[in-house]
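Structural characterization, general
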Amino acid sequence: MLGRAVAAGCAAVLLAGCGAGEAAQTMPPLTPEPELPLFASDPAASPQTEPAADGGKARKALQRVLRGAGAGRTKVCAQVAPAFARARLGGTCAAWIASLTPEDGARLRAVKVGPPAPGTRADTWIFQAADLGWPLGAPASPAADRYVMRLKGARWTLTG
């Protein structure tokens, strides 16, 4: 019996604390927040416009690809578009990595990638050859005047 009385007393206190005995309070009208998109189809709501705001992730991805190739890791070929490999590397990415001389491998491992310029699309960054620092000298391959990194899904890919 005592348990029921305590429970009833707690319920009465809770209801009174929530304004059960007071006049109904009105809430202000809801207004949309200007910085939040209203619809999922709103271009501002696109999740792919924000991750690459300064090109830092694309820069790190390009540096990882070039240094990985210099280290002989064919795993980086997953981030090299086949069209780029055919046009700039003379075949497949893995064959190019296998054909690197020890000197070119060392040069690629030492590369320092500078800041990129935004591409024409929100998911594209362009690195000029002058933006790459080669402390040990430039390798013979890849000989490109620019490098284009594009976000495809969740992965940065060397496409041009």
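In this report, the structure presented in the accompanying data block is examined.

On any regular strand, side chains alternate: one points to one face of the sheet, the next to the other face. Across five bridges, the pairing between strand β3 (residues 124-128) and strand β5 (residues 146-152) is antiparallel. For T124, the partnering residue across the bridge sits in β5 and is R150. The pairing of β5 with strand β6 (residues 155-158) spans four bridges and is antiparallel. The residue bridging L151 from the neighbouring strand is W156, located in β6.

This part covers the sheet that holds β6. Adjacent strands of a sheet form backbone hydrogen bonds with each other and so pair up, either parallel or antiparallel. Spatially, four strands are ordered β2-β3-β5-β6 in an open sheet, and the strand pairing comes out antiparallel. Both outer strands of the open sheet, β2 (117-118) and β6, are each paired with one neighbouring strand and no more. Of the strands in this sheet, β3, β5 and β6 are in contact with helix α2 (residues 56-70), which crosses β6 at around 60 degrees.

Attention shifts here to the state of the cysteines. Within the structure shown, the criterion is met by one disulfide. The disulfide partner of C77 is C93, and the S-S distance across this bridge is 2.2 Å. Linking C77 and C93, the disulfide has an S-S dihedral of approximately -80 degrees and is accordingly described as left-handed. Of this pair, C77 sits in the loop between α2 and α3 (82-88) while C93 sits in helix α4 (residues 93-99), and the two are 16 residues apart along the sequence.

Within this structure, the stated rule accounts for two salt bridges. Taking the shortest distance from any N to any O, the salt bridge between D104 and R107 comes out at 3.2 Å. Remark: R107 and D104 occur in helix α5 (residues 102-109); sequence separation between them is three residues, near one turn of the helix. Residue classification places R107 among the partly exposed positions, given a relative accessible area of 26%. Residues R121 and D123 are paired through a salt bridge, measuring 2.9 Å at the closest nitrogen-oxygen approach. On the basis of relative accessible area, R121 is assigned to the partly exposed category, the value being 45%. Given the relative accessible area of 8%, D123 is considered buried.

Another point: the environment of A129. Relative to the helices and strands, A129 resides in the loop between β3 and β4 (132-133). You can call A129 partly exposed: its relative accessible area is 30%. Measuring from C-alpha to C-alpha, the distance between A129 and R146 comes to 5.1 Å, with 17 residues separating the pair along the chain. Setting aside residues no more than four positions away along its own chain, A129 makes contact with A144, D145 and R146.

Rules of the game
Residues numbered from 1 in each chain as written. Predicted model: local features only at pLDDT ≥ 70, side-chain atom pairs only at ≥ 80, totals over all residues. Heavy atoms only, no water. Pairing = 2+ DSSP bridges. Helix = DSSP H or I, 4+ residues; strand = E, 2+ residues; numbered from the N terminus. Contact = heavy atoms within 4.5 Å. Axes fitted to C-alpha atoms, helices over the stretch in contact; angles between N-to-C directions. Disulfide = S-S within 2.5 Å. Salt bridge = Lys/Arg side-chain N within 4 Å of Asp/Glu carboxyl O. Buried < 20%, exposed > 50% of the residue type's maximum accessible area, 1.4 Å probe, protein only.

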